[in-house]
Amino acid sequence: MAVKENIRPGGRSARVQASVHAAVRDLLVEISRAEITVPLIATRAGVTPSTIYRRWGDLQQLLADVAVERLRPDMEPADTGTGAGDLEAWAEQYAEEMSSGPGREYVRDVLSAQTGDNANKCCNFTRQQIEAIAGRAKERGEAFPDVDAVMDRVVAPIMYRILFGDVPTAARVQELVGHVFGRRKAV
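Below, the structure is looked at part by part. (Residues numbered from 1 in each chain as written. Predicted model: local features only at pLDDT ≥ 70, side-chain atom pairs only at ≥ 80, totals over all residues. Heavy atoms only, no water.)

1. Examining the side chain of Thr-51
Structurally, Thr-51 is set in helix H3 (residues 49–56). At a separation of 3.0 Å, a polar atom in the side chain of Thr-51 contacts the side chain of Thr-48. (Helix = DSSP H or I, 4+ residues; strand = E, 2+ residues; numbered from the N terminus. Polar contact = N/O pair within 3.5 Å; in protein donor to acceptor, adjacent residues only side chain to side chain.)

Encoded structure:
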């Protein structure tokens, strides 16, 4: 069951979502993930379990919804003065945040949900960050790679390493950015 998208931004629905999300975040700090249940979240949030099941469908979908909110960028990418510098700084920070313990848990929660809606939201967050960097570069008159090329040749390898391997090093991230700009660096 997918999270309902037609929920009004204010009122009771917003208060329920805020209290349930806060309860999940607090419980994740206090107890192990394996101990978290819908009734425990409901009690902490001051709602009934049926409210959670009706809104999110199951625990995994709720955890994915909370993870998406945690993965939403809260600021514009850093402006270093060049598109390549902006992308490199952003990609290094992205790799660091996503490979952290909480980052990996959020990614696992998003990918474990029954629908791909939350994964698509995370992909769109990333795309928007890269589009902001590309827009700045173009305003400065700089050439910048196609956003899809950045997604495929920088973001995808970083995420693949995080999911199935080790943490990508800063040198590896710099190499990926260099390649998407047509530069070859020895690392």
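Don't stop here, the text continues.
2. Section: the nonpolar core
Soluble globular proteins tend to bury their nonpolar side chains together. One finds Leu-87, Trp-90, Ile-130, Phe-144, Val-154 and Ile-158 to be the most contacted residues of the largest nonpolar core, which totals 32 residues. Of all the elements in the fold, those that place two or more residues in this core are helix H4 (59–71), helix H5 (83–99), helix H6 (101–112), helix H7 (117–139), helix H8 (147–164) and helix H9 (170–180). By residue number, the principal contributor to this core is H8, which donates nine residues. Ignoring any residue separated from it by four or fewer positions in sequence, one finds Ile-130 in contact with Trp-90, Phe-144, Val-147, Val-150, Met-151 and Val-155. (Core = buried A, V, L, I, M, F, W, Y, C linked by side-chain atoms within 4.5 Å. Buried < 20%, exposed > 50% of the residue type's maximum accessible area, 1.4 Å probe, protein only. Contact = heavy atoms within 4.5 Å.)

3. Overview of the packing of aromatic side chains
Under the definition given, this model contains three aromatic pairs. Geometrically, the ring pair formed by Phe-144 and Phe-181 is edge-to-face, given 5.4 Å between the ring centres and 85° between the ring planes. Placement of Phe-144 in the loop between H7 and H8 and of Phe-181 in the segment after H9 is noted, with a sequence separation of 37 residues between them. The buried category is assigned to Phe-144, whose relative accessible area is 12%. A centroid spacing of 5.0 Å and a plane angle of 50° characterise the contact between Tyr-160 and Phe-164, whose relative ring orientation is tilted. Taken together, the residues span about one helical turn, with Tyr-160 and Phe-164 both in helix H8 at a distance of four residues. (Phe/Tyr/Trp six-rings, centres within 6.5 Å; stacked < 30°, edge-to-face > 60°.)

4. With respect to the pattern of salt bridges
If you walk through the whole model with that rule in mind, you get 12 salt bridges. Two residues, Arg-44 and Glu-30, come together in a salt bridge whose shortest N-O distance is 2.7 Å. One end of the pair, Arg-44, is in helix H2 (residues 38–45); the other, Glu-30, is in helix H1 (residues 11–30), with 14 residues separating them in the sequence. Across the pair Arg-127 and Asp-148 runs a salt bridge whose closest N-O atoms are separated by 2.6 Å. Here Arg-127, found in helix H7, pairs with Asp-148, found in helix H8; they are 21 residues apart in sequence, far enough to count as distant. Residue Asp-148 is classed as partly exposed on the basis of its relative accessible area of 38%. Sharing partners across several salt bridges, the network here consists of Asp-79, Asp-86, Arg-136, Arg-140 and Glu-142. (Salt bridge = Lys/Arg side-chain N within 4 Å of Asp/Glu carboxyl O.)

5. Topic: H1
Here H1 contains 20 residues, and its C-alpha end-to-end distance of 29 Å stays within 8% of the 28 Å for a straight helix at 1.5 Å per residue. Residues of H1 that are buried: Ser-13, Val-16, Val-20, His-21, Ala-23, Val-24 and Leu-27. For H1, the buried positions fall inside an angular range of 155° around the axis, keeping them on one side. Across H1 from its buried face, at more than 90 degrees, point the exposed residues Arg-15 and Val-29. Contacts from the buried residues of H1 go to H2, H3 and H4. (Expected span 1.5 Å × (residues − 1). Arc of directions from axis to C-beta.)

6. A few points about a nonpolar patch on the surface
On the surface, Leu-111, Tyr-160, Leu-163 and Phe-164 cluster together into a nonpolar patch covering about 460 Å² of accessible area. Broken down by element, the nonpolar patch gets its largest block of residues, three residues, from H8. (Patch = residues over 30% accessible without salt bridge, like charges linked within 9 Å, V, L, I, M, F, W, Y side chains within 5 Å. Areas by Shrake-Rupley, 256 points an atom, 1.4 Å probe, with all protein chains shown as cover.)

7. Considering H8
Helix length check: H8 (18 residues) gives 24 Å between terminal C-alpha atoms against 26 Å at 1.5 Å per residue, within 8%. At Val-155, H8 shows its strongest bend, of approximately 35°, with the proline Pro-157 following within four residues. Taken together, the buried positions of H8 are occupied by Val-147, Ala-149, Val-150, Met-151, Val-154, Val-155, Ile-158, Met-159 and Ile-162. Where H8 is buried, its residues touch H5, H6, H7 and H9. Among the residues of H8, the N-terminal cap falls to Asp-146, whose side-chain oxygen and the backbone nitrogen of Asp-148 are separated by 3.0 Å. (Bend = angle between axes of the 7 residues up to and from the residue.)

Any functional reading would require information that these geometric values do not contain.
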